[in-house]
Amino acid sequence: MALPMTAAFLTGADARTEVPLKRRLKRAERARQIKALALILPLLVFLLFTFAGPIAGMLWRSVGDREVRQVLPQTVAALADWDGKDLPDEKAYAALAGDIMAARASGTIAIAAKRLNYAQNGFRTILTSTARNLKAAPEPGTARETLGKINPAWRERATWTTIRDAGGPVTGFYLLSALDLTRNADGAIVAAPPDQAIYRDIFTRTFLISLSVTVLCLILGFPVAYLLAALPPGRSNLLMIFVLLPFWTSLLVRTCAWIVLLQSKGVVNDSLLWLGIIDEPLRLIYNRFGVCVAMTHVLLPFMILPLYSSMKAISPAYMRAAASLGAPPLTAFLRIYLPQTLPGIGAGSLLVFILALGYYITPALVGGAADQMISYFIALYTTETANWGLASALGAVLLLATILLALVYGKLVQGQQVTGGMKN
Amino acid sequence: MSDNSSLRTPSQRIAWTATIVISTLVFIFLIAPILAIMPLSFSSGSYLTYPLPGVSLRWYDDFINSPRWMNSLKNSMIIGVASTLLSMVLGTLAALGLAQWKSRFKPLVLAFVLSPVVVPGVITAVGLYFFFAPIGLTGSYLGLILAHTALATPFVVITVGATLQSFDTNLARAAASLGASPLDAFRRVILPLILPGVASGALFAFATSFDEVVIVLFMAGPEQRTLPREMFSGIRENISPTITAAAVILTTVSVILLATLEGLRRRNERLKGSSA
């Protein structure tokens, strides 16, 4: 075997008969691998364009800061070597006056004003009033005096640090804002002013709603999964329709159904009134209760299916063995059955929690103003107020939380062979 | 556990009864809202309350004669079918490739391919909104089809991948050894065997697109509004019984999809059973 191989190697002979089998197999395998990769590649390229790229772009926006740089380029350049201890020198004032004149001519002043107003409330007025009152470029050497006269804010150091800090090209401003933090004039990270510090509350609310829904799903889903796993296949398949039909029904239909059921003249209130249990309609919707009920309804199948598949895998022999060894039913259930369902409980709970974190449509339709979750604000800042930096930063935080939880879920599912929840 | 003969003690019987009672209540909770909304679409009155003042088809009539609703149904169909076809091709190819690919990066690539299912809809939508707007893909069918394909393809990869797990690769080798060209082998041996997987993947893909509303909210212009998008506005503004008619139509589509999927699953099990 050694001789022909060397010969083939030395002579570089390529004839089929002379190439050893091992190498031919290796070559065939390599060709197979390249072919396999070529089959995956179209999807990867597609997802790069329609999914990964857009999300990377969003993440970039959460740290990008280009508006002020673009509108006030000379000012940003002049402030680059400012020590920030005292007011900047005349050069910076002259640069600002020049930038403002140019921006007024091109109509871009509002872009910078909007961005600076995020960092310092009232900055929009400072900038627009200055633009309005600056009739002509100030004489050399008088820019500081002229601007100070138009708006005394230009005599304050904080006004200038705001411009410098918004000079980009990258900023931590939006990410800090998303966590209710900000930088003070000295560059230290401090708590944001109370009127802007709303996001930790929103994250807490999102977390609490998701947690409540997960717990509700677990409480309601466990007995159902247990029943489905315990029944003979014929009957459990039939009952499975009760789980799968809502699963396949449009989210909008289910949300709409809950509104019809829970509204003040809805089916639930009418029935309770008719039964004499209540005297006046209860407020069941457009509040936290409605959000939790509707979300639990939508997410319950995601809990039942992984629980069911983990329970189905538990051999009844274990329980019989426990019973035959004298364990009372409750002890057997708690010590033999329940521990074996833990992977299913973990997978189902994580899945429901992950999906709940990103909910937008259901809270938007059945919740009140105080029940809106983080996705609502991301959408609001994107389409309504066009504060894209903040929307992206909030999105980045939500994405990070989702990815971390999904990694845990992946480990759990991989370790336990629970196919849980992937819609099949 | 599988039958009542194992329930020997009274406490076990009580526990079992409790399980049945609680489960029944949960089943009612799951199904009742969907059933409750249906009769309202046949109401002759314009309030969404029981008892119905009378039975009529006026709200279906309203739906069919409303250009807004009919256009949205048409849009849902166009976008749903197009993104299903696209995700079938991309997903089946990728699943075939992934089944053969041996690399330590495989789990990573798989996680990436499946990630559109897990990432919150708003994040994908915002990303696409920023990304597609400058290249003119917002307010276009193409943009929505591409976005829905990204969301739907993971399901095709999963279902076809699951079929391939029980697929005997020797069959492909046998075809090759008998002189079939790779294309022939694919068309006449591999494809028929993975077809149930492709079909159920397609159903999931269609359902995903047909039900999707967040991306449509961000990206669709007035021309591309889909049925769920129209329902979203309808629910926000005021719920007219026409919405319940739309809901019944949507649910009918869901039931057809679910029944088809169940049929596929049964057929597959029967085939497996006969070959074993």
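Structural notes, computed from the coordinates. Everything numeric here is computed off the predicted structure, so don't read it as measured data. (Residues numbered from 1 in each chain as written. Chains lettered and ligands numbered in written order. Predicted model: local features only at pLDDT ≥ 70, side-chain atom pairs only at ≥ 80, totals over all residues.)

### Things to note about the overall build of chain A
From N to C terminus, chain A includes 20 helices and two strands. Rg of the C-alpha trace for chain A: 32 Å, well past the compact-globule value of 22 Å for 424 residues, more than 25% over. Reported as C-alpha extents along the three principal axes, the dimensions of chain A are approximately 100 × 100 × 40 Å. By the burial criterion, 43% of the 424 residues in chain A qualify as buried. Once local pairs closer than 6 in sequence are excluded, the contacts in chain A between residues at least 24 apart make up 70%. (Helix = DSSP H or I, 4+ residues; strand = E, 2+ residues; numbered from the N terminus. Rg over C-alpha atoms; globule rule 2.2 N^0.38 Å. Buried ≥ 20, exposed ≤ 12 C-beta atoms within 10 Å, placed from the backbone. Contact = placed C-beta atoms within 7 Å.)

### Focus on the overall build of chain B
Within chain B, the secondary structure is distributed over 11 helices and zero strands. When its helices and strands are written in sequence order, chain B yields α-α-α-α-α-α-α-α-α-α-α. In terms of overall size, chain B is more extended than a compact globule, its C-alpha atoms giving a radius of gyration of 23 Å where 276 residues would be expected to give roughly 19 Å. Counting only C-alpha atoms and orienting by the principal axes, one finds that chain B spans roughly 70 × 70 × 30 Å.

### Section: the packing of helix α6 (residues 109-119) of chain A against helix α7 (residues 123-133) of chain A
All names here are of chain A. Where α6 contacts α7, the two axes come as close as 7 Å, and the packing angle between them is 150°. Classified by the angle between their axes, α6 and α7 sit roughly antiparallel to one another. For the pair formed by α6 and α7, the contact residues are Ile-109, Ala-112, Ala-113, Lys-114, Leu-116, Asn-117 and Ala-119 on the first element and Phe-123, Arg-124, Leu-127, Thr-128 and Ala-131 on the second. Broken down by class, the residue content of the contact of α6 with α7 amounts to eight nonpolar, two polar and two charged. (Axes fitted to C-alpha atoms, helices over the stretch in contact; angles between N-to-C directions. Parallel < 35°, antiparallel > 145°, perpendicular 65-115°, else oblique. Nonpolar A, V, L, I, M, F, W, Y, C, P; charged D, E, K, R; others polar.)

### Quick word on the nonpolar core
All names here are of chain A. By size, the foremost hydrophobic cluster in this structure holds 162 residues, and its most contacted members are Cys-256 and Leu-299. The contact partners of Leu-299, leaving out residues within four places of it in the chain, are Val-213, Cys-217, Val-352, Leu-355 and Ala-356. One finds Leu-72, Ala-92, Ala-97 and Ile-163 within the second-largest nonpolar core, a separate group that totals 29 residues. (Core = buried A, V, L, I, M, F, W, Y, C linked by C-beta atoms within 7 Å.)

### With respect to the environment of Leu-330 of chain A
You can see Leu-330 of chain A is positioned in helix α17 (residues 329-357). Sequence separation between Leu-330 of chain A and Phe-377 of chain A is 47 residues, and the spatial gap between their C-alpha atoms is 47 Å.

### A short note on the interface of chain B and chain A
With 76 residues of chain B at the contact, the number on the chain A side is 74 residues. At 16 residues, helix α1 (residues 10-40) of chain B tops the list of elements feeding residues into the side of chain B that touches chain A. Tallied by class, the residues present in the side of chain B that touches chain A amount to 55 nonpolar, 18 polar and three charged.

### So, helix α8 (residues 143-150) of chain A
Residues and elements named next belong to chain A. Those residues of α8 not exposed but buried are Ala-143, Arg-144, Thr-146, Leu-147 and Ile-150. The buried residues of α8 all sit within an arc of 165° when viewed along its axis, so they share a single face. If you follow the buried residues of α8, they end up packed against α5 (90-106) and α7. (Arc of directions from axis to C-beta.)

### Remarks on unusual backbone geometry
Excluding glycine, residues mostly have negative phi values, and the peptide bonds linking residues are mostly trans. Phi is positive for Asp-180 of chain A, which is not a glycine, with a value near 65°. Along the chain, Asp-180 of chain A falls in the loop between α10 (173-178) and β1 (181-183).

### Considerations on the packing of helix α15 (residues 288-312) of chain A against α17 of chain A
Residue and element names in this part refer to chain A. Axis separation between α15 and α17 bottoms out at 8 Å; the angle between their running directions is 155°. Here α15 is positioned roughly antiparallel relative to α17, judged by the angle of their axes. As for how α15 packs across α17, the hand of that crossing is right-handed. Facing Met-295, Leu-299, Phe-302, Met-303, Pro-306, Leu-307, Ser-309, Ser-310 and Met-311 of α15, the residues of α17 in contact are Thr-341, Pro-343, Gly-344, Ile-345, Ala-347, Gly-348, Leu-351, Val-352, Leu-355 and Ala-356. A breakdown of the residues in the contact of α15 with α17 according to their chemical character gives 14 nonpolar, five polar and no charged. (Left-handed = near helix turned anticlockwise from the far one by under 90°.)

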